[in-house]
Amino acid sequence: MNKKMFAYVGNWNFKLVDGRYDRGISCYSYDPEGGNLELIDVFDREVAAGQMCLDNENARLYVAYEIGAKRGEIGGGGYLRSYSIDKETGALSLISEIDSRGANPSYVCLTKDKKHLLACHCADPHHANKIVKNEDGSFGVEVVMDDAPLILVEVKEDGSLGRVEDVFITGSNGKLKEDSRILTDPVTGHIQLTRVISRQHAVIKSPDGEIFAVMDKGMDRVYTFRLENGKIVQADCFQDEIGVFPRYGAFHPTLPVLYTNNERACVIDVFNYDRSGKLSLMERVPSLKEEYKAKEYGDGVRPMGAQDIAVHPDGKTLYCTVEGGDNLITVHRIKEDGTLELIQNIDCEGYMPRGICISPDARFLLCGNNAGGDITVFNIEEDGTLKFTGKIFDSISPSVIKIAEF
């Protein structure tokens, strides 16, 4: 009996299309023989589905609805959603929605027992001026900015999201410091704050499910956490170089190694971690070959930097998307000790590669090109390098791709 396979694509659009943001969750049938996609439907087009996680066993999809303000309100944060998947048709049905207690929920991660969901927040780079009275009776101004919470949410047996059981707030309190910087992304127009407020961009779990890593691009930090008696407990914090913006991460499937990429630097950081979650930086490896390095900050448009990152299931190859002056997928060979060797830079055949997905049989890599609005498909060769299949499938604004198999 042939298995049914569906690819779910979360769309995160930063540009208005005909007066609205065309987003939603696209559902495709997936053909494992040729890596082909056929659109079935787009669900909930208003949802900015920046990131999702899949519970294949229970046919559920969890989504970070990445917005900064509740419906009909000023501010108040975004939402988390859970969906059930029809195993025959791939159709999504909303199970529940809760507010995420923070602005722009940016990543969701199921715990090992699937009884809880961890969600982190990228926060909004806006501020409020509050008048304060000083001890001497004079009046001053205090600048207040968003908290960026990492939250632990109950997942009920039916897949619905319950109460928020714990919150861990990282980063500063919004106070400007000597090394603080305010930048503007020339492509999206987003304000990018450096070491002003915490902007958690991803939360991922180790293969044994005991360690959670959080990449904080606002504070240039990589955190590790554990769950102890239903509480989020910080294990370690690595302070990265200023302005590199740690973005996403991937654990090695068998080695105690964590890889993180950086939104404004074309390097991969390689960490060793122990059972407690203590991090040790092993090396920092370039993602660009010499012919691309000259363009890294020289295109006059946007500094090149990383988007998504993934490790091949066999633990021998690491993939990372890079965009800016060029739109690339980088390929690193993973050595026996987990360190890296850059072996390929290949054109993603699209514009602004964001999310990548390795097919369940590890034969194909799918690349969602966010600004180009399409998905390109690559063969994964025996040595781990990529070869473009020539296949391009229309999408909306792909940010994340997950393939379900039933």
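The present account deals with the structure reproduced in this document. It should be emphasised that the depicted structure is a prediction, and the values quoted were computed from it without experimental measurement.

Before going further, it helps to spend a moment on the nonpolar core. Membership of the largest hydrophobic core comes to 45 residues, with the highest contact counts inside it found for Leu150, Val203, Leu258, Tyr259 and Leu318. By residue number, the principal contributor to this core is strand β22 (residues 265-273), which donates 5 residues. If near-sequence neighbours (up to four positions away) are discounted, Leu150 is found in contact with Leu118, Ala119, Cys120, Asp166, Val167, Phe168, Gln200, Val203, Val214, Phe225 and Ile232. The next biggest cluster of nonpolar side chains, apart from the first, holds 24 residues, and it includes Val47, Met52, Tyr65 and Ile67.

Here the focus is the side chain of Ser96. Mapped onto the secondary structure, Ser96 falls in strand β7 (residues 92-99). Ser96 gets classed as buried once you look at its relative accessible area, which sits at 11%. A distance of 2.8 Å separates the side chain of Ser96 from the side chain of Ser82, its partner in a polar contact. At 2.9 Å, the side chain of Ser96 forms a polar contact with the backbone nitrogen of Leu161.

Ordered in space as β28-β29-β30-β31, the 4 strands form an open sheet in which the pairing is antiparallel. Each end of this open sheet is capped by a strand with a single partner; those strands are β28 (353-358) and β31 (386-394). Strand-to-strand twist of the sheet, defined as the mean angle between neighbouring strand axes without regard to direction, takes the value 25°. One ladder, built from 6 bridges, connects strand β30 (residues 374-380) with β31; its direction is antiparallel. When the sheet's bridge partners are listed, Thr376 is paired in β31 with Ile392.

Quick notes on the rules
Residues numbered from 1 in each chain as written. Predicted model: local features only at pLDDT ≥ 70, side-chain atom pairs only at ≥ 80, totals over all residues. Heavy atoms only, no water. Core = buried A, V, L, I, M, F, W, Y, C linked by side-chain atoms within 4.5 Å. Buried < 20%, exposed > 50% of the residue type's maximum accessible area, 1.4 Å probe, protein only. Helix = DSSP H or I, 4+ residues; strand = E, 2+ residues; numbered from the N terminus. Contact = heavy atoms within 4.5 Å. Polar contact = N/O pair within 3.5 Å; in protein donor to acceptor, adjacent residues only side chain to side chain. Pairing = 2+ DSSP bridges. Axes fitted to C-alpha atoms, helices over the stretch in contact; angles between N-to-C directions.

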